[in-house]
Amino acid sequence: MSKEDMADNVERRSMETKRLIVNGETALGIELGSTRIKAVLIDFKGKVLAVGIHDWENSFVDNIWTYSLEEIHTGIRKCYSSLREAVERQYGVSLQNTGAIGVSAMMHGYMALDKGGKQIAPFQTWRNTNTQRASDELTELFGFNIPLRWTVAHQYQRILDGEEHVAKLDYVATLAAYIHWKLTGKKVIGIGDAAGMFPIDSDVCDYNAEMIEKFDALLEPFGYTWNMRDIFPRVLTAGEDAGVLTEEGAAFLDESGLLRAGIPLCPPEGDAGTGMVATNSVAPGTGNVSAGTSTFAMIVLEKQLGRVYREIDMVTTPSGFPCAMSHANNGTSDLNAWVGLFGEFADIMGVQAETDVLYEKLYTNALKGDSDCGGLLAYGYYSGENITMLNEGRLAFLRTPDSRFNLANFMKVHLYTSLGAVKLGMDILMEDEKVKVERITGHGGFFKTKGVGQRYLAAAVNAPVTVMDTAGEGGAWGIALLAAYLADRETGEKLEDYLAKRIFGELSGETVIPYAEDVEGFRAFMEHYKAGLAIEKAAIDVMNW
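Each value, and the rule that gives it
- Residues numbered from 1 in each chain as written.
- Predicted model: local features only at pLDDT ≥ 70, side-chain atom pairs only at ≥ 80, totals over all residues.
- Heavy atoms only, no water.
- Core = buried A, V, L, I, M, F, W, Y, C linked by side-chain atoms within 4.5 Å.
- Buried < 20%, exposed > 50% of the residue type's maximum accessible area, 1.4 Å probe, protein only.
- Helix = DSSP H or I, 4+ residues; strand = E, 2+ residues; numbered from the N terminus.
- Contact = heavy atoms within 4.5 Å.
- Salt bridge = Lys/Arg side-chain N within 4 Å of Asp/Glu carboxyl O.
- Patch = residues over 30% accessible without salt bridge, like charges linked within 9 Å, V, L, I, M, F, W, Y side chains within 5 Å.
- Areas by Shrake-Rupley, 256 points an atom, 1.4 Å probe, with all protein chains shown as cover.
- Disulfide = S-S within 2.5 Å.
- Pairing = 2+ DSSP bridges.
- Axes fitted to C-alpha atoms, helices over the stretch in contact; angles between N-to-C directions.

(A) Expanded view of the nonpolar core. In terms of nonpolar packing, the biggest core is built from 173 residues, with Leu-32, Leu-175, Phe-198, Tyr-207 and Tyr-529 touching the most fellow members. In terms of residue count, the dominant contributor to this core is helix H16 (residues 474-488) (ten residues). With residues near it in sequence (within four places) discarded, Tyr-529 still touches Leu-377, Ala-378, Tyr-379, Tyr-381, Thr-388, Thr-417, Gly-420, Ala-421 and Leu-424.

Have a look at this one:
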């Protein structure tokens, strides 16, 4: 093809993209992640047209991991502004309309509002582990595992602690459901995100009615004027009508005033559900691992597990299939901090190292390390870890005098330990419950450096791992796909069929088969990891300054 023909093709594609944006033949997804809020605009084939980003970080205030309401509101507006400016810069047109919008955010947590819509308690994120008593009592009451970070555990703990705001509750939501309410005025939630609030009955795609009765009966002695259904959002599945962008919602999101009201929104989802969508892991027998600030594995099941495991969450896909979730609160935060430290060293040595280059060099060099990390051990526990039953976090790097301490092993052990806790949950599913998985797909920042994180995950699960070319787009792309599914699906088309045929059929990825040496090395590391948990427990007792 001649240069002239190539230039003509580029120009035609650009003109077609402009037409799609102007006509609103697009879908917009916004996800509020732990360290970044990201907006992705796509066409109805899933192609990314523009991206907006706003970086942020949670705060530890009065022993609570939180984001202030001002940070939440400002963050989502700045993210949308970044997207709008990207569209104007890349295509020379204004973003005024889109076929549908979807909002996603970190699952779980606790957002409490009164009848006037005023926040009446600090927002508590998934990272908080101050709910042990509530979690234990509800698990026993329901005969169903209620993790520390679930919304109902946060709510019941506030009741047990005698917090006055509970009597004034009118709406309890996740972060995604809260933002959706701000945009539409509708108190609804996607079933996948709802599954991080309260147990779900997949047969009826709603909160479990028997457990609601038990919960309401448990609260009767407190004399509240509300019951659980009064204050929790209504559950919806993928593709259902979740309201439209109001005039107030458009003004809230877009400070330029260009965005038009009336745009339909898909049900708001949690980051677990959008991760499933982004990896085409929504049908039984499929699974994915999302590795970033937190790390979680999702395996879609045909039926419920044989018994209750405190290490395993039972949630759902966005269309309601039961899903087993091994969720580790801690992922790559400590790993990222070490990369930042090496960046500081490069600076004082007069070397200007771009962040992406630092990650690539350090991650790739880790491949030279010993398969068992040379006997090194690390824990990146910024916060408590439910899978290992630790309610507080302490960061640790450990070695013996005869361990093989070098840069490759140092980076490798921090990559391995990012998967350590989630590996314990995966072992329960694959070894104890004999869950069969046809394929596992990886996504998240852990996999950004090609061939490194993917190889280590394959070693951890001893199964082939696929990373799609779109893996870096993450949950924001996943919620954009759910918005596109609302706007452009064929009548009666199931989500799994829509994704397989209309989105992922033309996308490519790379699959890595586990190396026997890596599998054995990861097994040896995990023996050290499990034995060293006693050190973590001691550190919690001792390090209280």
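(B) The arrangement of the pattern of salt bridges in detail. Under the criterion given, the structure shown has 22 salt bridges. In this structure, Glu-16 engages Arg-19 in a salt bridge whose closest nitrogen and oxygen atoms are separated by 2.8 Å. In this pair, Glu-16 and Arg-19 are both assigned in helix H1 (residues 3-23), three residues apart and thus about one turn of the helix distant. What makes Arg-19 partly exposed here is its relative accessible area of 35%. As a salt-bridge pair, Asp-254 and Arg-84 come within 2.8 Å of each other at their nearest N and O atoms. Note that Asp-254 is positioned in the loop between helix H9 (247-253) and strand S13 (269-270) and Arg-84 in helix H2 (residues 69-91), a separation of 170 residues in sequence. Each member of the pair, Asp-254 as well as Arg-84, is classed as buried. One connected set of salt bridges, linked through shared partners, spans Glu-16, Arg-19 and Glu-25.

(C) Region of interest: a nonpolar patch on the surface. The grouping of Phe-345, Ile-348, Met-349 and Val-351 at the surface amounts to a nonpolar patch, some 450 Å² of accessible area in total. Here Phe-345 lies in helix H11 (residues 333-348).

(D) Focus on the state of the cysteines. Scanning the model with the defined rule gives zero disulfides in all. Summary of cysteine pairing: Cys-79 is not part of a disulfide, and the nearest cysteine sulfur, belonging to Cys-266, is at 15 Å. Residue Cys-323 stays outside any disulfide, its sulfur separated by 14 Å from that of Cys-205, the closest cysteine.

(E) Just the sheet that holds strand S6 (residues 100-105), in detail. The strand order across the open sheet formed by five strands is S3-S2-S1-S6-S13, and the pairing between neighbours is mixed. Looking at strand neighbours, the two that pair on one side only are strand S3 (48-55) and S13, the edges of this open sheet. Across seven bridges, the pairing between strand S2 (residues 36-43) and S3 is antiparallel. Bridging from a neighbouring strand, Ala-39 pairs with Gly-52 of S3. Packing of helix H5 (residues 175-184) onto the sheet brings it into contact with strand S1 (26-32), S6 and S13, and relative to S6 it is tilted by some 145°. Strands in contact with H16 are S1, S2, S3, S6 and S13; relative to S1, the strand with the most contacts, it is inclined by about 140°.

These figures capture arrangement, not role.
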